[in-house]
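# Structural overview for review
Residue-level listing of the chains:
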Amino acid sequence: MSQDPKNIEGLPAGLLRRFGAILYDALLLIAIWMVLGMIVVALGNLTGWYSTRAHFIANLFVGWAFFFWFWTRTGQTLGLQTWNIQLRTEHGQPVNAWQATLRYLVAAAQWLVVLMAIWAVREHGAVATVAVTAAAIFALGLSQFHPRRWMLHDWLSGTELVRIPGLAKPRWKKDKAA
């Protein structure tokens, strides 16, 4: 049963759509981090001072600035625009600065837990692999049972990702279809 594309406004964004937007935004953020890394390493070579901790904190700050800028302006990063998703409050309002910051911090903490789980799998083998996989399936499964498909960062920040109608087709594509 397919939805009418005109009536998707405000429906919760599905898991695959979220992952598509995450992948797209991750590629953009990695590119930004690569440029930042070149600048930090170049400055480190010039001054003789380089700190991996400072570089890591700079990456976290730039990631926050990236998401904060898009979420508080339009509610859409470039990945969310591509997948026709918008970030809103639970009441359909634009996201404020505190909600954007809290959402980023909780989401970043979740990704750090994922990275620690990957480390645990590498260090402890099969038992850790089973435990981490079960925990990930459990966490994703819980979000699918929520009526609005909220994840932890949605719930704590009072925000949600909703589908929005796509942009109209360009005239040249409409003419071909007719």
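Our subject is the structure listed above.
A brief report on the enclosed structure follows. Here the residue index of a chain counts from 1 through its sequence in written order. It should be noted that, the model being predicted, local features are given only for residues of pLDDT at least 70 and side-chain atom pairs only at 80 or more, the latter also being counted only at that level, while totals for whole chains, interfaces and linings use all residues. Computation of side-chain values covers all heavy atoms of the structure but excludes hydrogens and water.

So, about the overall build of the protein. The secondary structure content of the protein amounts to seven helices and two strands. Relative to its 178 residues, the protein shows a buried fraction of 33%. Residue contacts follow a heavy-atom distance rule, with two residues in contact if any of their heavy atoms lie within 4.5 Å. Sequence-distant contacts in the protein: of pairs separated by 6 or more residues, those separated by 24 or more amount to 74%. Surface exposure here means Shrake-Rupley accessible area, sampled with a 1.4 Å probe, where a residue is shielded only by the protein chains that are shown. For the protein, the exposed surface amounts to about 12,300 Å²; the carbon and sulfur share of it is 70%. Counting from the N terminus, the helices are DSSP H or I runs at least four residues long and the strands are E runs at least two residues long. Per-residue accessibility, obtained with a 1.4 Å probe over protein chains only, is compared with the maximum for each type, and a residue is labelled buried under 20%, exposed over 50%, and partly exposed between these values.

Right, let's get into the environment of Gly79. Inspection of the secondary structure puts Gly79 in helix H3 (residues 78-82). Remark: the alpha-carbon pair of Gly79 and Arg17, spanning 62 residues in sequence, is separated by 9.9 Å. When neighbours within four sequence positions are excluded, Gly79 is seen to be in contact with Ala21, Tyr24 and Asp25.

Next up on the list: unusual backbone geometry. Trans is the prevailing form of peptide bonds, just as negative phi is the prevailing case for residues other than glycine. For Asn84, which is not glycine, the phi dihedral falls at a positive 55°. Along the chain, Asn84 turns up in the loop between H3 and strand S1 (85-89).

Quick look at the packing of helix H2 (residues 52-73) against helix H4 (residues 97-124) now. Interaxial angle, 0 to 180 degrees, is taken between N-to-C directions of lines fitted to C-alpha atoms, where a helix line uses only the stretch in contact. The contact between H2 and H4 brings their axes to 9 Å, and the two run at 135°. For the element pair H2 / H4, the angle class is oblique. The chirality of how H2 crosses H4 is right-handed. Mapping the contact onto sequence places Phe56, Leu60, Gly63, Trp64, Phe67, Phe68, Trp71 and Thr72 in H2 and Ala97, Ala100, Thr101, Arg103, Tyr104 and Leu112 in H4. Note on residue classes: Ala, Val, Leu, Ile, Met, Phe, Trp, Tyr, Cys and Pro are nonpolar, Asp, Glu, Lys and Arg are charged, and everything else, Gly too, is polar. Looking at side-chain class alone, the contact of H2 with H4 contains 10 nonpolar, three polar and one charged residues. Reported orientations rely on four angle classes, namely roughly parallel under 35 degrees, roughly antiparallel over 145, roughly perpendicular from 65 to 115, and oblique for the rest. The hand of a helix crossing depends on one turn: near helix anticlockwise from the far one by less than a right angle means left-handed, and clockwise means right-handed.

If you look at the biggest cluster of nonpolar residues, it comprises 15 residues, and the most contacted ones within it are Phe67, Trp71, Leu80, Ile85 and Leu161. Mapped by element, the contributors of at least two residues to this core are helix H1 (15-47), H2, S1 and H4. A per-element tally of this core places H2 first, with four residues. Residue contacts for Trp71: discarding those within four places in its chain leaves Thr77, Leu80, Leu87, Val95, Ala100, Arg103 and Tyr104. Here, the term nonpolar core denotes a set of buried Ala, Val, Leu, Ile, Met, Phe, Trp, Tyr and Cys residues that are joined through side-chain atoms within 4.5 Å.

In this section: the packing of aromatic side chains. Stacked, tilted and edge-to-face pairs are distinguished by plane angle, under 30 degrees for stacked and over 60 for edge-to-face with tilted covering the rest, among Phe, Tyr and Trp rings (Trp via its six-membered ring) whose centres lie within 6.5 Å. Counted by the stated rule, this structure contains six aromatic pairs. Relative to Trp71, the ring of Phe67 has its centre 5.0 Å away and its plane inclined at 35°; by these criteria the two rings are tilted. Here Phe67 and its partner Trp71 are both found in helix H2, four residues apart, which amounts to about one turn of the helix. Both residues of the pair, Phe67 and Trp71, count as buried. Every member of this aromatic cluster is reached through a ring pair, and the members are Phe66, Phe67, Phe70, Trp71 and Tyr104. The ring of Trp69 has Arg73 sitting right over it, with the charged end atom 3.9 Å from the ring centre. Here, a charge over a ring means that NZ of Lys or CZ of Arg falls within 6 Å of the ring centre while also lying within 35 degrees of the ring normal. Above the plane of the ring of Trp71 lies Arg103, whose end atom (NZ or CZ) is 5.4 Å from the centre.

Quick look at H1 now. An α-helix turns once per 3.6 residues; consequently, residues spaced three or four apart project the same way. Compared with the 48 Å implied by 1.5 Å per residue over 33 residues, the 46 Å span of H1 between its first and last C-alpha is a close match. Turning to H1, its buried residues number three or more, namely Leu15, Arg18, Gly20, Ala21, Asp25, Leu29, Leu36, Gly37, Val40 and Gly44. At the C-terminal side of H1, Gly48 shows a positive phi close to 80°. Multiplying 1.5 Å by the helix residue count minus one yields the expected span of that helix.

On to the pairing of S1, then. Burial within S1 is extensive, with five of its five residues counted as buried. Neither face of S1 is open: one carries Ile85, Leu87 and Thr89, the other Gln86 and Arg88, and all of them are buried. Whether two strands pair depends on DSSP finding at least two bridges between them. Relative to strand S2 (residues 159-163), S1 runs antiparallel, the two being bridged by five bridges. For Arg88, the partnering residue across the bridge sits in S2 and is Glu160.

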